[in-house]
Amino acid sequence: MGMVEAYPLPLIDSTTAPFWEATLRGELRMQTCASCGGMRFPPRPMCPRCGSLEHEWRLMSGRGAVWSFVVPHPPLLPAFMPLAPFNVVVVALDEGSALRMVGNLVASPDGPINEIDPGTIQIGQPVRVVFQRVADDVALPRWIRVEGEP
Amino acid sequence: MEPLLLKDRTAIAGIGQTAYAKSLPASELVLACQAVKAALADAGIHPSEVDGLSSYTLEPFMEVEVARNLGMGDVTWFSQVGYGGGAGCAVVGNAAMAVATGQCRVAVAWRSRKRGSAASRPWAQVGARIAGTGQWSRPWGLVRPVDEIAMLARRYMHEFGATRDHLANVALAFRKHANRNPAAMMHDKPMTRDDYIHSRWVSEPLCLFDNCLESDGAVAAVIVDASRAADLPQPTVLIHAFGQGLNTQHQTMTNYHRDDPLMGPAWACADVLWRHADVGPADVKVAQIYDAFSPLVPLSLEGYGFCKRGEGADFTNDGNIEWPDGALPVNTSGGGMSEAYVHGFNLIAEAVRQVRGTSTAQVLGADTALVTSGEGVPTSALVLREGGR
């Protein structure tokens, strides 16, 4: 897909680099406080529960459920115009109901973001993470339906 | 030391506005100067007396330019508030605090905005790489403010059984009010429920008429000590209570990461607002509620305590938010969705008109009015009351 290069991509800094390095390896990792064990997303330097700056990056199961979704229509940024209407979902991870990530529901790891009929998307649908390499340093987490479940 | 309470110590003595239109030729600076000049004329105060300036961080020029153009004298207090549409009531409330503490005597507050300007649409200047919280949403195509709020709207509809009919209640009420207001951009443009239901999608579940207008314009207010206001030409409109709020683990616009994303900053703001007021939601006769997007209205009705959590959608049924017969007429000038979108500052002007008794959809006995600023971002609110009672 020629449009992928034009997607807005994350500016990776020292706080977020471990997350994105993990996605390149096909891993979904959450920032986890080394002191109190609390997980937080999006990443930030300090643990809001205990104030520790020490943390590790815990491997997630990659399982979650659709928490909400939207279907954007034009006018849109040029990169997204040819794909509209498409879906954007928020997925709540199984490891914590407040660990929620924005993503797209797709049928395959590299599939376009408009290949799922939006009318078939349901809140609560179980999903699992896949990764699409979109730049040398970025693989975007995306979500596909878990087979055999609603 | 006992805190100095703001309650009824200051007043909004003047309001002013430019024309509202999809495109105005004047610059933001010219529009701001016109609105401030009109507000000072309304208050009967000469520009040389102004010594306080309060504005949004999103203004595309420095406030010193307003002072230079209007011929103000020595300005001794100036401040700006961030977070776009969340700033409006705080811009006025901070000016009230500055007047109440003697940092200045006559403060002007304003918002001047043009739809086409770069400063009005930070989302459209997405570069190749995104810093900050946007890097967790924009790469997947969640880019515009409407997309970010639509995500919360869908979840709200799912959790509480709200429907597009509820959102239509909001859009139709504000359009009805705009059709009484000759200054409104949607004056003489009636809308039916059928028009709403069949309008084009922008970000499902939100359609075109769930969105505020795109408009150019400026609005300003003059804030003085309450005793000074009593000697000025306009009826006294007291700043009874003021609040700002951002609640725990809030993330601006993409507020998806706290335990309950459907309880937004309004809840924190309402807490301080009502704590400092002699009145409560039941005493509010008319409300101006920030409406960049229709779902912000039920969410705000809940946050500010007009109904319980999850009941905001049903609160809009049966004309309950419509003038003249609804229990709580909301956005009586048409609001951001049908009068003009001036980042909520036009809502403040309308609240002042209601308390003065000069609205085009005047609520009888509107001695107490609520104004709220943007929900979904760090926000603010004011309770205005009739003086001289």
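Residues numbered from 1 in each chain as written. Chains lettered and ligands numbered in written order. Predicted model: local features only at pLDDT ≥ 70, side-chain atom pairs only at ≥ 80, totals over all residues. Heavy atoms only, no water.

## Things to note about the confidence of the model for chain A
When pLDDT drops low, the exact placement of atoms in the prediction is not to be read closely.
Part 1 of the argument: Across chain A, pLDDT averages 93, with 94% of residues at or above 70.
Part 2 of the argument: A low-confidence stretch, residues 1-5 of chain A (pLDDT under 50), is modelled with 9 contacts involving residues beyond four sequence positions or located in other chains. (pLDDT = per-residue confidence, 0-100. Contact = heavy atoms within 4.5 Å.)

## Let's talk about the sheet that holds strand S9 (residues 237-245) of chain B
All names here are of chain B.
Part 1 of the argument: Strand order in the open sheet formed by 9 strands is S3-S2-S4-S8-S1-S9-S12-S11-S10, and the pairing between neighbours is mixed. Both outer strands of the open sheet, strand S3 (77-81) and strand S10 (286-288), are each paired with one neighbouring strand and no more. If you compare each strand with its neighbour and ignore which way they point, the axes differ by 25° on average.
Part 2 of the argument: The pairing of strand S1 (residues 10-17) with S9 spans 3 bridges and is antiparallel. (Pairing = 2+ DSSP bridges. Helix = DSSP H or I, 4+ residues; strand = E, 2+ residues; numbered from the N terminus. Axes fitted to C-alpha atoms, helices over the stretch in contact; angles between N-to-C directions.)

## What to know about the pairing of strand S11 (residues 368-372) of chain B
Residues and elements named next belong to chain B.
Part 1 of the argument: Counted residue by residue, S11 has 5 buried out of 5 residues, so it is predominantly covered.
Part 2 of the argument: Side chains Thr-368, Leu-370 and Thr-372 of S11 all project onto a buried face; the interleaved residues Ala-369 and Val-371 project onto the opposite face, where all are buried too.
Part 3 of the argument: Pairing of S10 with S11, which is carried by 3 bridges, proceeds in the parallel orientation. By the bridge assignment, Gln-288 is partnered in S11 with Val-371.
Part 4 of the argument: Of the pairings in the sheet, the one linking S11 to strand S12 (residues 379-386) comprises 5 bridges and is antiparallel in character. (Buried < 20%, exposed > 50% of the residue type's maximum accessible area, 1.4 Å probe, protein only.)

## Let's talk about the sheet that holds strand S2 (residues 29-33) of chain A
Paired through their backbone hydrogen bonds, the strands of a sheet run either parallel or antiparallel.
Residues and elements named next belong to chain A.
Part 1 of the argument: On the basis of which strands lie adjacent, the open sheet formed by 3 strands has the order S3-S2-S4 and antiparallel pairing. Of all strands in the sheet, those with a lone pairing partner are strand S3 (39-40) and strand S4 (55-59), marking the two edges.
Part 2 of the argument: With 5 bridges connecting them, S2 and S4 associate as antiparallel partners. Bridged to Cys-33 within S4 is His-55.

## Quick notes on helix H1 (residues 28-43) of chain B
All names here are of chain B.
Part 1 of the argument: In a regular helix each residue adds 1.5 Å, so 16 residues correspond to 22 Å; H1 covers 22 Å between its end C-alpha atoms and thus fits that length.
Part 2 of the argument: Looking at the buried residues of H1, the elements they touch are S1, helix H2 (63-70), strand S4 (106-113), strand S8 (217-225) and helix H12 (345-356).
Part 3 of the argument: Phi turns positive one or two residues past the end of H1, at Gly-44, with a value near 70°. (Expected span 1.5 Å × (residues − 1).)

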